[in-house]
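The chain contents come next:
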Amino acid sequence: MIYFDYAATTPVDKRVIKSMIPFLNEKFGNPSSMHSFSSDTKKALEKSRSIIAKAIKANPEEIVFTSSATESNNMALKGIAFAKKSGHILVSSIEHDCVLNAAKWLGKNGFEVEFLPVDKYGIVDPKEVEKRIKKNTILVSVMHVNNEVGTIQPIEAIGKICKKNNIYFHSDAAQSFSKTPINITNIDLLTISSQKIYGPKGAAALFIKDGVKIEPLLHGGGQERGLRSSTENVPAIVGFAKATEIAISTMDKEQERLTKLRDKIIEKLTKEVPNCYLNGHKTKRISNNINVRFSHIEGEAILFMLNSYGIAVSTASACSSPKLEPSHVLSAMGLKQEEAHGSIRISLGRMTKESEVNYLLKVLPEVVKKLRDISPHK
Ligand SMILES: Cc1ncc(COP(=O)(O)O)c(C=O)c1O
């Protein structure tokens with residue numbers, strides 16, 4: 001099988017696994033204990049925090065470890081909302097479901113929630129943010145890179161507007177962290193995740209800028225400065241830090257390599273396959289994402305047929321794939337239901353080779369032709 005679904009999750013790098021093993025074996029102590037068993041784990045935990053903080057030019061005390069991007073996003077939205085007690089929250093309409101559904105839940109529980117529109121490329125206009133800010137706005141949440149169409153949002157400009165208006169700004173960087181630079185100057189809360197960067201599942205973090213007050217969601221032993229009680233998942237956190245080090249040190253080269261492969265796929269498909277169009281922006285796009293639509297056929301049919309040729313791609317984001325509803329991201333971008341349904345996401349990663357891309361480019365046009373030949377929609 002050839003894997004083209006790195007935006008859903010990544011395999012764990014062997015160097016990451018090696019770094020984790022001692023913490024699954026002899027270095028098992030609880031970092032909060034007082035005896036010698038805890039000293040190695042406590043040191044490893046704090047070293048990991050420093051590595052991750054350095055990667056985004058933050059201070060270690062500004063990093064709170066969580067179990068997933070979903071948890072970090074819930075912590076950001078609900079944590080700010082509960083601390084402020086009431087107010088207006090602005091969220092982009094193309095966020096991952098964990099942000100959208102957390103915001104909708106807050107909407108049902110006394111907060112005023114508004115969704116920001118996007119243009120045909122899936123980009124939020126900072127002017128729209130400014131226009132919608134009200135006296136009682138407490139938080140704006142706009143993701144850095146969209147997980148379905150890969151568009152890079154103007155978070156620096158949006159952050160500036162929020163800062164000017166004294167409003168907290170949260171950004172979900174699960175798809176961009178260590179893949180493209182992130183400037184946290186005007187960001188108050190940032191979500192990052194291990195499982196998208198060749199680290200293990202079960203580790204993620206929320207950057208919370210010094211001075212930003214949030215209400216914890218988990219109450220207990222007071223770990224993570226009281227913001228996230230639970231014994232820290234040290235093996236996964238150590239792996240997350242190792243994955244961060246590797247990804248940051250290879251970021252520029254990898255971005256360049258993947259951008260070339262990405263553009264080769266986009267160019268070939270949109271030029272050589274009739275009625276094939278790119279979803280999202282051509283250049284304001286993360287280096288590993290391709291999202292294309294084919295008229296008259298279903299994305300799911302393409303996915304299943306490609307799977308039979310040994311190629312794994314996805315339709316919408318992996319987590320919402322089984323719903324078989326048109327993607328909320330593509331719908332927000334103005335695509336008609338039938339256009340959205342004919343879309344697939346191809347996402348590249350560290351192990352993607354040019355020969356695999358060539359195989360995809362040979363097989364995919366054939367698959368599209370076969371499906372169109374039997375399509376009732378022609
Ligand atoms: C942008 C974004 N945010 C959040 C998540 C949720 O990640 P997890 O399922 O690891 O919590 C994902 C996963 O696909 C994502 O792409």
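Residues numbered from 1 in each chain as written. Predicted model: local features only at pLDDT ≥ 70, side-chain atom pairs only at ≥ 80, totals over all residues. Heavy atoms only, no water.

Trainee: How should I be thinking about helix 1 (residues 14-24) in this particular structure?
Mentor: In an α-helix, one full turn covers 3.6 residues, which means residues spaced three or four apart are oriented alike. For helix 1, the set of buried residues is Val16, Ser19, Met20 and Phe23. Buried residues in helix 1, looked at end-on, bunch into an arc of 95°, giving them a common side. Among the exposed residues of helix 1, those pointing more than 90 degrees away from its buried face are Lys14 and Lys18. Of the surrounding elements, those touching the buried residues of helix 1 are helix 2 (37-55) and helix 7 (234-272). Here helix 1 starts with a cap whose side-chain oxygen sits 2.8 Å from the backbone nitrogen of arginine 15, and that cap is aspartate 13. (Buried < 20%, exposed > 50% of the residue type's maximum accessible area, 1.4 Å probe, protein only. Helix = DSSP H or I, 4+ residues; strand = E, 2+ residues; numbered from the N terminus. Arc of directions from axis to C-beta. Contact = heavy atoms within 4.5 Å. Polar contact = N/O pair within 3.5 Å; in protein donor to acceptor, adjacent residues only side chain to side chain.)

Trainee: Can you help me understand the site of the ligand in this one?
Mentor: Neighbouring residues of the ligand: 13 residues in total, closest Thr70, Asp172, Gln175, Gln195 and Lys196. Within the side chain of threonine 70, a nitrogen or oxygen atom sits 2.5 Å from an oxygen atom of the ligand. The side chain of lysine 196 places a nitrogen or oxygen atom 2.6 Å from an oxygen atom of the ligand. Coverage of the ligand by the protein chains reaches 87% of its 400 Å² of free accessible surface. Top element by residues in the shell around the ligand is helix 3 (residues 69-84). It accounts for three residues. Looking at side-chain class alone, the shell around the ligand contains four nonpolar, seven polar and two charged residues. (Near = heavy atom within 4 Å. Areas by Shrake-Rupley, 256 points an atom, 1.4 Å probe, with all protein chains shown as cover. Nonpolar A, V, L, I, M, F, W, Y, C, P; charged D, E, K, R; others polar.)

Trainee: Just checking my understanding: could you explain the domain arrangement of the protein chain for this structure?
Mentor: A common way to state how big an interface is: give the accessible area lost once the parts meet. By domain assignment, the protein chain separates into domain 1 (2-7 + 251-373) and domain 2 (14-246). Each of domain 1 and domain 2 was reduced to a C-alpha centroid, and the two centroids are 28 Å apart. Facing the 28 residues of domain 1 at the interface are 30 residues of domain 2. Across the contact surface, domain 1 and domain 2 share zero salt bridges. At the level of secondary structure, the elements contributing two or more residues to the side of domain 1 that touches domain 2 comprise helix 7, strand 10 (289-294) and helix 9 (328-332). (Domains from an automatic or database assignment. Salt bridge = Lys/Arg side-chain N within 4 Å of Asp/Glu carboxyl O.)

Trainee: Would you explain the pattern of salt bridges in this entry?
Mentor: Pairing between side chains of opposite charge can happen when their charged atoms approach one another. Throughout the structure, instances matching the rule amount to 19 salt bridges. Between arginine 132 and glutamate 114 there is a salt bridge, with its nearest N and O atoms 3.2 Å apart. Of this pair, arginine 132 sits in helix 5 (residues 126-132) while glutamate 114 sits in strand 4 (residues 112-116), placing them 18 residues apart in sequence. A residue is classified by how much of its surface remains accessible, and arginine 132, at 23% relative accessible area, is partly exposed. Residue classification places glutamate 114 among the partly exposed positions, given a relative accessible area of 22%. Through salt bridges with shared partners, a single ionic network connects Glu114, Glu128, Lys131 and Arg132.

Trainee: I'm lost on unusual backbone geometry in this one. Help?
Mentor: It is generally the case that most residues other than glycine have a negative phi and that most peptide bonds are trans. Of note, serine 178 is a non-glycine position whose phi angle comes to about 70°, a positive value. Judged by its relative accessible area of 7%, serine 178 falls in the buried class. The backbone of serine 230 shows a phi angle near 145°, a positive value even though the residue is not glycine. Tracing the backbone through its elements, the reader meets serine 230 in the loop between strand 8 (204-208) and helix 7.

Trainee: Would you explain the side chain of asparagine 291 in this entry?
Mentor: With respect to the element layout, asparagine 291 can be found in strand 10. Note on asparagine 291: relative accessible area 2%, which makes it buried. There is a polar contact of 2.9 Å between the side chain of asparagine 291 and the backbone oxygen of glutamate 148. Those residues within four positions of asparagine 291 in sequence are excluded, and the remaining contacts are Glu148, Val149, Tyr277, Leu278, Asn279, Arg285, Ser343, Ile344 and Arg345.

Trainee: I keep staring at the packing of aromatic side chains and nothing clicks. Help me out?
Mentor: Describing an aromatic ring pair means giving the distance of the ring centres and the angle of the ring planes. The tally for this structure, following the rule as stated, stands at five aromatic pairs. A ring pair is formed by phenylalanine 82 and tryptophan 105, whose centres lie 6.3 Å apart and whose planes are at 75°; its orientation type is edge-to-face. Here phenylalanine 82, found in helix 3, pairs with tryptophan 105, found in helix 4 (residues 97-108); they are 23 residues apart in sequence, far enough to count as distant. The exposure class assigned to phenylalanine 82 is partly exposed, which follows from its relative accessible area of 31%. By relative accessible area, which is 40% here, tryptophan 105 ends up partly exposed. Ring geometry for phenylalanine 177 versus phenylalanine 240: centroids 6.3 Å apart, planes at 80°, classification edge-to-face. Placement of phenylalanine 177 in the loop between strand 6 (168-172) and strand 7 (189-193) and of phenylalanine 240 in helix 7 is noted, with a sequence separation of 63 residues between them. Each member of the pair, phenylalanine 177 as well as phenylalanine 240, carries the same accessibility label: buried. Members of the aromatic cluster, joined through ring pairs, are Tyr3, Tyr6 and Tyr198. A cation sits over an aromatic face here: lysine 78 above tryptophan 105, 5.0 Å from the ring centre. Above the ring of tyrosine 198, the side-chain terminus of arginine 350 is found at 4.0 Å from the ring centroid. (Phe/Tyr/Trp six-rings, centres within 6.5 Å; stacked < 30°, edge-to-face > 60°. Lys NZ or Arg CZ within 6 Å of the ring centre and 35° of its normal.)

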